[in-house]
Amino acid sequence: MNSRKIVLVLGGSSDIGRATARSFAKAGWDVQLAGREAVALEPDAADLHARYDINASTHRFDVLDTASFVDFVAGLPALPDVVVSIVGLLGSQQTAERELEHAATIMRSNYEGPALILGLFAEKFLARGSGSIVGVSSVAGDRGRASNYVYGSAKAGFSAFLSGLRARTSRGGVHVVTVKPGFVRTRMTEGMKLIGPLTVEAPVVGDAIFGAVERRTDVVYVSGKWRLVMLIIKALPEAVFKKLKF
Amino acid sequence: MALICGWGRFPAVDTDLLTPRSFDAVGDAIAATSGGIARGNGRAYGDAGIGVSQTIAMTGFDRVRSFDPATGRVRLEAGVLLSDLIDTFGPRGFLPYVVPGTRFVSVGGAIAADVHGKNHHCEGGFGRYVDSILLRTGTGETIEVSHEANPEVFLATIGGMGLTGVILEATLRLRPVETGWIRERVISASDLHAAMRALDAGDSATYSVAWIDCVARGSDLGRSLIYLGEHARASELSDGTEAFPRGRDPRLTVPIDLPSMTLNRFSVRAFNELYYRMGARRAGGSHLVSIFPYFFPLDGVGAWNRIYGRRGFLQHQCVIPQDGALAVLGDILDRVSRRGDASFLTVLKKLGQGDGLMSFPMPGYTLALDFPVTGSIMNFVDEIDRLVVAAGGRLYLAKDARQSRATFEAGYPALQRFKEIRASLDPTGKIRSKLSQRLFDEVRP
Ligand SMILES: Cc1cc2nc3c(=O)[nH]c(=O)nc-3n(C[C@H](O)[C@H](O)[C@H](O)COP(=O)(O)OP(=O)(O)OC[C@H]3O[C@@H](n4cnc5c(N)ncnc54)[C@H](O)[C@@H]3O)c2cc1C
């Protein structure tokens, strides 16, 4: 019987997902990688095993297929100690303004799906009396911006869900972390203009998530500078904010 | 389009930068290009990692495929950085056999340049420890090459500067080690002759390298500190010492281009004087140093290439065959010290036989110099090139940004064979870099 702790990474093929899996595996955790195509995760599972001599398994998970969630949780070989949701979809704000379907997909990928699956794990963890839940939200959820409020509003919903969940489960031994990475150099942000000093690499996010679980931090802005930036942005009066171009 | 340059920041060239996410996407990129080259972590100084029209970034491919802890054999994707390999497998008792002076290079880049370390004189280059390579060629084929399968292509790929195709994966042998520490011995040499003798005497040491004070003149010409090293055994560590020290991220990063005034003959001279004296004081006994400062002294400062200012700098690295090396190196150093603007950390070391068809190393001494790009520098390095060619030596392609076709052709006699192999792998010339265009692609009307 192995007594290593287990982390489940939802969205395991994303750059942040891979980095997070590595951060846990490096510390000796077993890893369950879940993503839309389980086969595509196999090279990552092999990577984790080869590097850190831990067990890594792959699982099919589609965040839009909420009907499959109960079976997904029941089908895992073991209930993990930690579940991390990195699932999200940036989408296109412009397209979302014209096409309801695209807007709905962004909302469902960033809010409905992640909230429902983490809610399910919360019940399992509460029943067991232990566990950590990590939701990767976004600084974009701190205030709706003209340039990406469809995405931002879904992240805002997700952040609110996580903070409520945290308040409810903390007495039951279950810890909830909200992660707001800011700009991360990943496939999702490829080709976008990122502000250098506010941008981090995926492994930094992975280590921050692992650290937050170990230290039981509630809300993590991966780069401390973002906490300040968002504090200012949140404090701007609406009359001023709506005139700003960004 | 993106403006891309090597570590020396000269030249900077506009090309498409592609970041494929799958091997199929690499194939698509090759199929679509009219002149593309793979790029690792951009640590080549000049134009080797810049495509004629497309540059294919490979650092996204960073997975380890498999590892055998019994033999230290590892299969990995070409974008894995040596720093990652060291951090991951060091604590498990394995290090790469060969590392260059920075750990921030990719496996693909290390194979393509057949990089040499401080142990080349006795253990050869990076390519010697490569068992096989998965290569995507210009015809769109993916082939596994090794000493057994396609041996000619294998040897052309080691040191082939990416020009035989894109390296997707490789199997390497790692070195079993007991610790991440090196037992170092420093020897001071008062002039070039003494330095070369000390390096010769260090032939039996696993690692040896000399730092030369390239502003010292007259009877001090070529005064140096020679660093010899051996892997420390676990029993040599004092109690409580961590067997594998951590490699820290650069503590200091140069945030902006410094004005080129910062480096002048006075500051360089003062630095070198201090460095030599401090080293000479440590000379004699031996002591333990972590592998990180020992192998990668410059990695402690991030983006240090910016201290040369916006115009960038040239690195000039030649190898001079053993016979007559003293006179030629003396002549080069004399000219350099008269100029007075070459920079600190001028390095002299011995090389052995290279392993690949186009590998840089040959038995002899290699000298690496940095020069800030200034108006008169090109003529000056051309002069040095003439001395190198006359001595039967050659220049390192991973550092080169400016040598002439004639210099190159004189130094690499296997070029013709290399071109034939390339032609068979890539008849329509899809794989081309700014370096190959400059030095040996057939000029088409
Ligand atoms: C501070 C410093 C110290 C150094 N010290 C040494 C030293 O001691 N010894 C030494 O030998 N070198 C040394 N170098 C040079 C360095 O090791 C080489 O330039 C190395 O090739 C850089 O690897 P990279 O991954 O950054 O490749 P890049 O610079 O991106 O590319 C270098 C070459 O490799 C090719 N390449 C990269 N990836 C692939 C791939 N996947 N498939 C096919 N081709 C590929 C490119 O086409 C190009 O020709 C040093 C460089 C620096 C900056």
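Please refer to the structure placed before this passage.
K.L.:
Explain the overall build of chain A to me, using residue names and the numbers behind them.
P.N.:
If you tally the helices and strands in chain A, you get 9 helices and 9 strands. What you see for chain A is a C-alpha radius of gyration of 18 Å, in line with the 18 Å of a compact globule of 246 residues. A total of 246 residues make up chain A; the buried ones form 50% of that total. Of the contacts made within chain A by residues no fewer than 6 positions apart, 71% connect residues no fewer than 24 positions apart. Of the roughly 11500 Å² of accessible surface on chain A, a fraction of 57% belongs to carbon and sulfur atoms. Here chain A contributes 30 positive and 23 negative side-chain charges, whose respective centroids are spaced 9 Å apart.

K.L.:
Go over unusual backbone geometry, please, and point to the residues and values.
P.N.:
Residue and element names in this part refer to chain B. In this structure, the amide linkage connecting Phe10 to the following residue, Pro11, adopts the cis form with an omega of -5 degrees. The phi dihedral of Asp114 is positive, around 40 degrees, even though this residue is not glycine. Here Asp114 lies in the loop between α3 (107-112) and α4 (120-123). With a phi close to 55 degrees, Met161 is a non-glycine residue in the positive phi region.

K.L.:
Just give me the short version of the nonpolar core, but keep the residues and values in it.
P.N.:
All names here are of chain B. Ranked by size, the top nonpolar core spans 84 residues in total, and within it Ile111, Phe126, Ile133 and Leu172 carry the most contacts. If one sorts the elements of this core by residue count, strand β10 (residues 166-176) sits on top with 6 residues. Contact partners of Ile111, with chain neighbours within four places excluded, come to Phe126, Val130, Ile133, Thr157, Ile158, Gly159, Ile167 and Ala170. Ranked by size, the runner-up nonpolar core spans 38 residues in total, among them Ala195, Ala205, Leu348 and Ile384.

K.L.:
So what's going on with the site of the ligand? Residues and values would help.
P.N.:
All names here are of chain B. What surrounds the ligand is a group of 34 residues, the closest being Ala38, Gly40, Arg43, Ala44 and Ser106. The separation between an oxygen atom of the ligand and a polar main-chain atom of Arg43 is 2.7 Å. Alone, the ligand offers 950 Å² of accessible surface; in the complex the protein occludes 96% of this. Broken down by secondary-structure element, the contributors of at least two residues to the shell around the ligand are β3 (36-39), α3 and β10. Taken together, the residues that form the shell around the ligand break down as 19 nonpolar, 12 polar and 3 charged.

K.L.:
Tell me what's going on with the interface of chain B and chain A, and back it up with residues and numbers.
P.N.:
Quoted interface sizes are often the accessible area lost when the parts come together. Facing the 13 residues of chain B at the interface are 14 residues of chain A. Interface area, chain B with chain A, both sides summed: about 1200 Å², of which 36% is carbon and sulfur. Counting every contact that joins chain B to chain A gives 5 salt bridges. Among the ionic pairs, Asp62 of chain B bridges to Arg18 of chain A, the shortest N-O distance being 2.5 Å. At the junction of chain B and chain A, the tally comes to 10 residue pairs in polar contact (both at pLDDT 80 or more). Those elements giving two or more residues to the side of chain B that touches chain A turn out to be β5 (64-68) and α2 (82-89) of chain B. Per-element tally for the side of chain B that touches chain A: the top contributor is β5 of chain B, with 4 residues. Of the residues in the side of chain B that touches chain A, the class split is 3 nonpolar, 4 polar and 6 charged.

K.L.:
Go over the packing of helix α6 (residues 192-201) of chain B against helix α9 (residues 325-339) of chain B with me, naming the residues and quoting the values.
P.N.:
Residue and element names in this part refer to chain B. Between α6 and α9, the shortest axis-to-axis distance is 10 Å and the interhelical angle comes to 130 degrees. Between α6 and α9, the angle is such that the two are oblique. Along this stretch, α6 crosses α9, giving a crossing that reads as right-handed. The segment α6 lies against α9, with Leu192, His193 and Met196 engaging Ala325, Leu326, Leu329, Gly330 and Leu333. In terms of residue class, the contact of α6 with α9 is built from 6 nonpolar, 2 polar and no charged.

K.L.:
Kindly report on the packing of aromatic side chains, identifying the contributing residues and their values.
P.N.:
In this description, an aromatic ring pair is defined by two values, namely the gap between the centres and the angle between the planes. Taken as a whole and judged by the stated rule, the model has 20 aromatic pairs over all chains. Centre to centre, the rings of Phe121 of chain A and Phe125 of chain A are 6.0 Å apart; their planes meet at 55 degrees, and the pair counts as tilted. Of this pair, Phe121 of chain A and Phe125 of chain A both sit in helix α5 (residues 100-128), separated by 4 residues, roughly a single helical turn. Considered together, Phe121 of chain A and Phe125 of chain A belong to a single accessibility category, that of buried residues. Between the aromatic rings of Phe408 of chain B and Phe440 of chain B, the centroid separation amounts to 5.3 Å while the plane-to-plane angle is 15 degrees, which identifies the pairing as stacked. With a gap of 32 residues between them, Phe408 of chain B in helix α11 (residues 405-411) and Phe440 of chain B in the segment after α13 (434-439) connect regions that are remote in the sequence.

Definitions and cut-offs
Residues numbered from 1 in each chain as written. Chains lettered and ligands numbered in written order. Predicted model: local features only at pLDDT ≥ 70, side-chain atom pairs only at ≥ 80, totals over all residues. Heavy atoms only, no water. Helix = DSSP H or I, 4+ residues; strand = E, 2+ residues; numbered from the N terminus. Rg over C-alpha atoms; globule rule 2.2 N^0.38 Å. Buried < 20%, exposed > 50% of the residue type's maximum accessible area, 1.4 Å probe, protein only. Contact = heavy atoms within 4.5 Å. Areas by Shrake-Rupley, 256 points an atom, 1.4 Å probe, with all protein chains shown as cover. Lys, Arg positive; Asp, Glu negative; His and termini not counted. Charge placed at Lys NZ, Arg CZ, Asp CG, Glu CD. Core = buried A, V, L, I, M, F, W, Y, C linked by side-chain atoms within 4.5 Å. Near = heavy atom within 4 Å. Polar contact = N/O pair within 3.5 Å; in protein donor to acceptor, adjacent residues only side chain to side chain. Nonpolar A, V, L, I, M, F, W, Y, C, P; charged D, E, K, R; others polar. Buried area = accessible area lost by both parts, 1.4 Å probe. Salt bridge = Lys/Arg side-chain N within 4 Å of Asp/Glu carboxyl O. Axes fitted to C-alpha atoms, helices over the stretch in contact; angles between N-to-C directions. Parallel < 35°, antiparallel > 145°, perpendicular 65-115°, else oblique. Left-handed = near helix turned anticlockwise from the far one by under 90°. Phe/Tyr/Trp six-rings, centres within 6.5 Å; stacked < 30°, edge-to-face > 60°.

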